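Below are the chains, spelled out letter by letter.
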Amino acid sequence: VSRWDRLKGFPPLLDAFVRLKQFLRDDPGSLTERHRRCLELVRLVLAGPDPDSIADDPEGKGVLDELCARYRALDAEMQEDVALLTLPMASRKQNALMVNALQRCSTVVVQNSLQEGFGLTATEAMWKRVCVLGTRACGLRHQVRSGIDGVLVHDPTDPDEIGRRLNDLLEDVPKRDHMARNAQRHVHDEFLIFTQIWRWLRELSGCVGATPRPVRPEGQARA
């Protein structure tokens with residue numbers, strides 16, 4: 001779930017999902033029954049706001065059109081496993097409810113950003129105890145401790161690496177669930193408003209309690 005932005009890494013994620021499905025087609029005999037069934041059932045949802053409703057995002061429609069063209073180039077069977085959703089923005093409440101539903105019903109939430117200021121959609125998924133696959137973009141690597149709270153890929157433009165990481169998360173359910181629980185606790189400890197207030201109070205307390213520095217009169221020469 002992101003704005004339709006080239007920095008969000010939608011195309012490599014779509015390519016990674018195709019390769020994940022291709023792995024199932026090419027070598028089904030090497031998979032356990034449960035893993036094989038999981039790869040058969042897994043779906044990819046790429047969701048973002050209706051670009052016509054975002055006045056300050058002129059590139060959004062172009063990015064969405066490019067993704068739609070990539071989708072139409074997929075074979076019919078693969079198209080059945082991919083959904084491109086434009087979420088209406090007329091009601092902020094309804095939009096938030098739809099995003100919440102997508103996050104909560106997901107097995108893995110992927111934030112494949114090439115650049116990211118913070119990445120609130122990753123925080124939301126972590127708080128809802130959903131495993132996150134992210135990148136080493138600034139905002140994401142400050143939230144997700146790779147291997148503890150989720151998994152970070154080194155190269156968000158490499159579909160092979162993204163596909164491998166996705167496959168690992170889908171295969172190892174206990175590890176995925178363990179990281180999701182860690183993620184929720186990490187958000188609780190570090191990113192809720194109460195922690196931010198406590199940090200501000202600590203900072204302000206330090207400033208008030210510090211010994212005031214003497215003010216040098218204007219024009220006085222330095223020693």
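Note that the coordinates shown come from a computational prediction; the quantities given were computed from them, not determined experimentally.

Parameters at a glance
Residues numbered from 1 in each chain as written. Predicted model: local features only at pLDDT ≥ 70, side-chain atom pairs only at ≥ 80, totals over all residues. Heavy atoms only, no water. Helix = DSSP H or I, 4+ residues; strand = E, 2+ residues; numbered from the N terminus. Expected span 1.5 Å × (residues − 1). Buried < 20%, exposed > 50% of the residue type's maximum accessible area, 1.4 Å probe, protein only. Contact = heavy atoms within 4.5 Å. Arc of directions from axis to C-beta. Polar contact = N/O pair within 3.5 Å; in protein donor to acceptor, adjacent residues only side chain to side chain. Pairing = 2+ DSSP bridges. Axes fitted to C-alpha atoms, helices over the stretch in contact; angles between N-to-C directions. Phe/Tyr/Trp six-rings, centres within 6.5 Å; stacked < 30°, edge-to-face > 60°.

(A) How the structure looks around helix α8 (residues 159-171). Spanning 13 residues, α8 covers 18 Å between terminal C-alpha atoms, matching the ideal 18 Å at 1.5 Å per step. Taken as a whole, α8 has its buried residues at P159, E161, I162, G163, L166, N167, L169 and L170. For α8, the elements touching its buried residues are α1 (10-26), α2 (33-41), β3 (108-110), β4 (131-135), β5 (150-153) and α9 (173-190).

(B) Structural view of helix α3 (residues 60-73). For α3, with 14 residues, the first-to-last C-alpha span of 20 Å sits near the 20 Å given by 1.5 Å per residue. Of the positions making up α3, those classed as buried are G60, V63, L64 and L67. Take α3 and look down its axis: the buried residues cluster within an arc of 95°, on one side only. Every exposed residue of α3 that faces more than 90 degrees away from the buried side is listed here: R72 and A73. The elements touched by buried residues of α3 are α1 and β2 (82-87).

(C) Highlighting the side chain of Q143. Assignment of secondary structure puts Q143 in the loop between α7 (138-141) and β5. Looking at Q143, the relative accessible area reads 0%, which means it is buried. Within polar-contact distance, the side chain of Q143 engages the side chain of T123 at 2.4 Å. In this structure the side chain of Q143 is engaged in a polar contact, spanning 3.4 Å, whose partner is the backbone oxygen of G139.

(D) The sheet that holds β4, seen in detail. Overall, parallel pairing links the three strands, which are arranged β3-β4-β5 in an open sheet. Pairing within the sheet leaves two strands with one partner each, and these edge strands are β3 and β5. Each strand axis lies, on average, 20° off the axis of its neighbour in the sheet, ignoring direction. With four bridges connecting them, β4 and β5 associate as parallel partners. When the sheet's bridge partners are listed, G134 is paired in β5 with L152. Contacts from α8 reach β3, β4 and β5, with the element oriented near 165° to β5.

(E) How the structure looks around the packing of aromatic side chains. Applying the stated criterion across every chain, the model contains two aromatic pairs. Seen from their ring centres, W4 and F10 are 5.1 Å apart, and the 35° between their planes marks the pair as tilted. The same class applies to W4 as to F10, namely buried. Seen in terms of ring centroids, F118 and F191 are 5.9 Å apart; in terms of plane orientation they differ by 75°. Their pairing is edge-to-face. Here F191 lies in the loop between α9 and α10 (193-209) and F118 lies in the loop between β3 and α6 (120-127), a separation of 73 residues in the sequence.

So far we have only geometry, and geometry alone does not tell us how the molecule works.
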